[in-house]
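An overview of the molecular structure
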Amino acid sequence: MVPEINYWAVLIATASSMLVGAIWYTPKVFGTRWAKLAKVDMDRPAASATMAMIVTVLVSFVTAWVLAGSTAIAWHFYGSGYLWTAIATAVALWAGFTAARFITHDAFEGRPSSLTLLNIAHEVVTILVMALIIGVWPPAGTV
């Protein structure tokens, strides 16, 4: 079975991750704290972040695509509302993969727990925004 995916929703969800990141990491929100904890120089030339931004867009697309496909499969399996299925799927995937992996890697790398919490909080907000977009814009003919 190939899950039905609304690729417009996936593209907008991809863009939403960039918007969430731009807001989250602005110095007036969490940017200054994150940079200090992660030991990132916020004054480096913008050109040095170009490759990171390209990678972020690609990875965000994959995340949105996997979330959309997983939501469609879960919706067919459980049969509840599409929006709630998207949110529940997003939280389950975040907890089981993203948060669990961040916690494990950061523990072994000796990163501060406050950095881990800041990063996994960013990830849950990002994936919940993606889930809202995917959930309110299901593939044609599914709901």
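Below: a short report on this structure. (Residues numbered from 1 in each chain as written. Predicted model: local features only at pLDDT ≥ 70, side-chain atom pairs only at ≥ 80, totals over all residues. Heavy atoms only, no water.)

**Quick notes on the overall build of the protein**
Helix and strand counts for the protein stand at five helices and zero strands. Put simply, the protein runs from its N terminus to its C terminus through helices and strands in the order α-α-α-α-α. Along the first, second and third principal axes, the C-alpha set of the protein runs to 50 × 30 × 25 Å. If you take every contact in the protein between residues at least 6 apart in sequence, the share linking residues at least 24 apart comes to 74%. Summed over all atoms, the accessible surface of the protein reaches about 8700 Å², with 73% contributed by carbon and sulfur. (Helix = DSSP H or I, 4+ residues; strand = E, 2+ residues; numbered from the N terminus. Contact = heavy atoms within 4.5 Å. Areas by Shrake-Rupley, 256 points an atom, 1.4 Å probe, with all protein chains shown as cover.)

**Here's the deal with the packing of helix α1 (residues 7-24) against helix α3 (residues 50-78)**
Closest axis-to-axis distance for the α1/α3 pair is 8 Å, and the angle between their directions is 135 degrees. In terms of axis orientation, α1 runs oblique to α3. Here α1 runs over α3; the crossing is right-handed. For the pair α1 and α3, contact is made by Y7, V10, L11, A13, T14, S17 and M18 and by M53, T56, V57, S60, F61, A64, W65 and A68, respectively. (Axes fitted to C-alpha atoms, helices over the stretch in contact; angles between N-to-C directions. Parallel < 35°, antiparallel > 145°, perpendicular 65-115°, else oblique. Left-handed = near helix turned anticlockwise from the far one by under 90°.)

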